[in-house]
Amino acid sequence: MRIGMGYDVHRLAEGRELILGGVRIPWEKGLLGHSDADVVVHAIMDALLGAAALGDIGKHFPDTDPAYAGISSIELLKRVGRLLEEHFYFIGNIDATIIAQRPKLAPYREEMVRNVAAALEISENQVSIKATTEEGLGFTGRGEGIAAQAVALLNQAADYAYADVRRDCGSCGGCQSPE
């Protein structure tokens, strides 16, 4: 088992769409960034990459590369999922928290979960996305920006021994259940 942690923050700015978890949220401001600035997806990607010891999103998708200007973070998350597969990692679960004073995010959380799960080709019950405020404290509490934290649990194919998954089918008499 491997555990990774991710964190991201972006400033709120006028003239930008607010996208969180791949969901366009109607709001007067959006997040400023090179891509769509989806802080929760960025935190999830960093948690996954960190758990696999594969660097961070800046290594894989640098903000100096024009190819990533305005790109959907969900598309980048799909690439992270493929990278994990190439290294034989399996996602156990993801737990993310969005930190924002406003807007209220509860109506959008289920769609965020669906988007993240679909991008990674995992079950929705492997993804948790929550939101909280900071009671008016700090830059998120003052409405200057939005932050997100995420934790991810990965397993690697090498973590499983044949004896862990072999089962006695009962039909041939040759199999043995693991002890």
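Heads up: the structure comes first, above all this text.
The present account deals with the structure reproduced in this document. (Residues numbered from 1 in each chain as written. Predicted model: local features only at pLDDT ≥ 70, side-chain atom pairs only at ≥ 80, totals over all residues. Heavy atoms only, no water.)

### A word on the packing of helix 3 (residues 73-86) against helix 4 (residues 109-120)
Alright, step 1. Closest axis-to-axis distance for the helix 3/helix 4 pair is 8 Å, and the angle between their directions is 40°. Classified by the angle their axes make, helix 3 and helix 4 are oblique. At the point where helix 3 passes helix 4, the crossing takes the right-handed sense. Seen from helix 3, the contacting residues are Ile-74, Leu-77, Lys-78 and Gly-81; seen from helix 4, they are Asn-115, Val-116, Ala-119 and Leu-120.
Alright, step 2. Taken together, the residues of the contact of helix 3 with helix 4 sort by class into 5 nonpolar, 2 polar and 1 charged. (Axes fitted to C-alpha atoms, helices over the stretch in contact; angles between N-to-C directions. Helix = DSSP H or I, 4+ residues; strand = E, 2+ residues; numbered from the N terminus. Parallel < 35°, antiparallel > 145°, perpendicular 65-115°, else oblique. Left-handed = near helix turned anticlockwise from the far one by under 90°. Contact = heavy atoms within 4.5 Å. Nonpolar A, V, L, I, M, F, W, Y, C, P; charged D, E, K, R; others polar.)

### Quick look at the pattern of salt bridges
Alright, step 1. Tallied over the full model, the rule gives 4 salt bridges.
Alright, step 2. Note that Arg-24 is salt-bridged to Glu-17, the shortest N-O span being 2.8 Å.
Alright, step 3. Residue Arg-24 is classed as exposed on the basis of its relative accessible area, which comes to 57%.
Alright, step 4. Look at Glu-17 and you get partly exposed, because its relative accessible area is 47%. (Salt bridge = Lys/Arg side-chain N within 4 Å of Asp/Glu carboxyl O. Buried < 20%, exposed > 50% of the residue type's maximum accessible area, 1.4 Å probe, protein only.)

### Re the sheet that holds strand 6 (residues 127-132)
Alright, step 1. The 5 strands are arranged 4-1-7-5-6 in an open sheet whose pairing can be described as mixed. Edge positions in the sheet fall to strand 4 (30-31) and strand 6, since each of these pairs with one other strand and no more.
Alright, step 2. The pairing of strand 5 (residues 89-99) with strand 6 spans 6 bridges and is classified as parallel. Bridge pairing links Thr-97 to Lys-130 in strand 6.
Alright, step 3. Contacts between helix 1 (residues 39-51) and the sheet are confined to strand 1 (2-13), strand 4, strand 5, strand 6 and strand 7 (145-156), with strand 1 contributing the most and set at about 155° to the helix.
Alright, step 4. With respect to the sheet, helix 4 is in contact with strand 5 and strand 6, its orientation differing from that of strand 6 by roughly 145°. (Pairing = 2+ DSSP bridges.)

### Here's the deal with unusual backbone geometry
Alright, step 1. In the segment running from Arg-102 into Pro-103, the intervening peptide bond is cis, with an omega of -5°.
Alright, step 2. Structurally, Pro-103 is set in the loop between strand 5 and helix 4.
Alright, step 3. Its identity is not glycine, yet Ala-37 carries a phi of approximately 65°, on the positive side.
Alright, step 4. Along the polypeptide, Ala-37 turns up in the loop between strand 4 and helix 1.

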